[in-house]
Amino acid sequence: DVAPGVDGPSEQLDDRRRRDAMQRDRRDREPSDGDARSVDGKGRHRANLCRASRKDLRDAVVKARAVQEKWAGQSGYLRGQILYRMAEMMESRVPAFESALRGSGLSAAAARGVVRATIDRIVHFAGWSDKYQALLSSVNPVASSYFDFSLPEPTGVVGVVAPGSPALLGLVSHVLPVIVSGNSC
């Protein structure tokens, strides 16, 4: 007995294998740990957070590798301009960031301070993007008839574990030193 639209038993078997492979693939893509609840300082539900699986981490590394070469190839000046634009965009959304931080339990003054410090930190690293090479590079003396230069180069994809508190400032303080030098994370 052959299913309608199927030429023979071997094609039916291929369809079954394809369906089994899709189901295995679907299982591999499901997050392993499910969701976590984010609560504010008073224990009220704020958001659902997705926990990543090993596959999610692999996919993130693949994407970071794909863009790293192009990012590293950009001039320090351009990387600085992009980071400075990031600070400008954050500046235009200060009330939203302050509100999110107040929702996590910070006072209004503390939230304002964290947002200001975060913007200042972004501007700081944007300024260093085209200057750090001049400080870390050197001409090394050699006893021969050639020159020896040391230049900092991007490492590639760098994993970052940001602290939970202060969340926003901690994330920016750990990620920006990595990307300002041409790495991706």
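Quantities reported herein were computed from a predicted structural model and do not represent experimental measurements.

With 14 residues, helix 7 (residues 167-180) should reach 20 Å at 1.5 Å per residue; the first-to-last C-alpha distance of 20 Å fits that figure. Looking at helix 7, one finds that the buried residues are Leu168, Leu169, Gly170, Val172, Ser173, Val175, Leu176, Val178, Ile179 and Val180. On its buried side, helix 7 packs onto helix 2 (54-73), helix 3 (76-91), helix 4 (94-103), helix 5 (108-128) and helix 6 (132-136). Among the residues trailing helix 7, Gly182 stands out with phi positive, at a value near 100°.

Relative to the elements of secondary structure, Val114 occurs in helix 5. The exposure class assigned to Val114 is buried, which follows from its relative accessible area of 15%. For the pair Val114 and Leu169, spaced 55 residues apart in the sequence, the C-alpha separation amounts to 6.5 Å. Apart from residues lying up to four places away in sequence, Val114 is in contact with Leu101, Leu106, Leu168 and Leu169.

Here helix 5 crosses helix 7 at 5°, and the two axes come no closer than 9 Å. One element, helix 5, and the other, helix 7, form an angle in the roughly parallel class. Each of Val114, Val115, Ala117, Thr118, Arg121, Ile122, Phe125 and Trp128 in helix 5 lies in contact with helix 7, whose residues at this interface are Leu168, Leu169, Val172, Ser173, Leu176, Pro177 and Val180. Looking at the contact of helix 5 with helix 7 residue by residue, the classes come out as 12 nonpolar, 2 polar and 1 charged.

In contact at an axis separation of 8 Å, helix 3 and helix 5 are set at 165° when each is read in the N-to-C sense. Regarding the angle of helix 3 to helix 5, the classification is roughly antiparallel. Handedness of the helix 3/helix 5 crossing: left-handed. On helix 5, the residues that touch Gly80, Leu83, Tyr84, Met86, Ala87, Met90 and Glu91 of helix 3 are Val115, Arg116, Thr118, Ile119, Ile122, Val123, Phe125 and Ala126. A breakdown of the residues in the contact of helix 3 with helix 5 according to their chemical character gives 11 nonpolar, 2 polar and 2 charged.

Below, the discussion takes up the pattern of salt bridges. Under the counting rule described, the total for this entry stands at 4 salt bridges. The partner of Glu91 in a salt bridge is Arg116, and the shortest N-O contact between them spans 3.0 Å. In this pair, Glu91 is assigned in helix 3 and Arg116 in helix 5, connecting sequence segments 25 residues apart. Look at Glu91 and you get partly exposed, because its relative accessible area is 39%. For Asp130, the salt bridge goes to Lys131, with nearest N and O atoms at 3.0 Å. According to the relative accessible area criterion, Asp130 is partly exposed, its value standing at 39%. Overall, the relative accessible area of 44% leaves Lys131 in the partly exposed class.

Cut-off values and rules
Every chain is numbered on its own, with residues counted from 1 as its sequence reads. Totals for whole chains, interfaces and linings use all residues, but because this is a predicted model, local features are given only for residues with pLDDT of at least 70 and pairs of side-chain atoms are given and counted only at 80 or more. The side-chain values count all of the structure's non-hydrogen atoms but skip hydrogen atoms and water molecules. In DSSP terms, a helix is any run of H or I states spanning at least four residues, a strand is any run of E spanning at least two, and both are numbered starting from the N terminus. To estimate the expected span of a helix, count its residues, drop one, and scale the result by 1.5 Å. Relative accessibility thresholds used throughout: buried, under 20% of the residue-type maximum; exposed, over 50%; partly exposed, between the two (1.4 Å probe, protein chains only). By definition in these notes, contact holds between two residues if any of their heavy atoms fall within 4.5 Å. Where helices are involved, their axes are fitted lines through C-alpha atoms of the stretch in contact, as for all axes, and angles between N-to-C directions lie from 0 to 180°. Should an angle fall under 35 degrees it is taken as roughly parallel, and over 145 as roughly antiparallel, whereas 65 to 115 is taken as roughly perpendicular and any remaining angle as oblique. For this scheme, ten residues count as nonpolar: Ala, Val, Leu, Ile, Met, Phe, Trp, Tyr, Cys and Pro. Four count as charged, namely Asp, Glu, Lys and Arg, and the remainder, Gly too, count as polar. By convention, the crossing between two helices is left-handed when the near helix turns anticlockwise from the far helix through less than a right angle, and right-handed when the turn is clockwise. The rule for a salt bridge is simple: a side-chain nitrogen of Lys or Arg has to be within 4 Å of a carboxyl oxygen of Asp or Glu.

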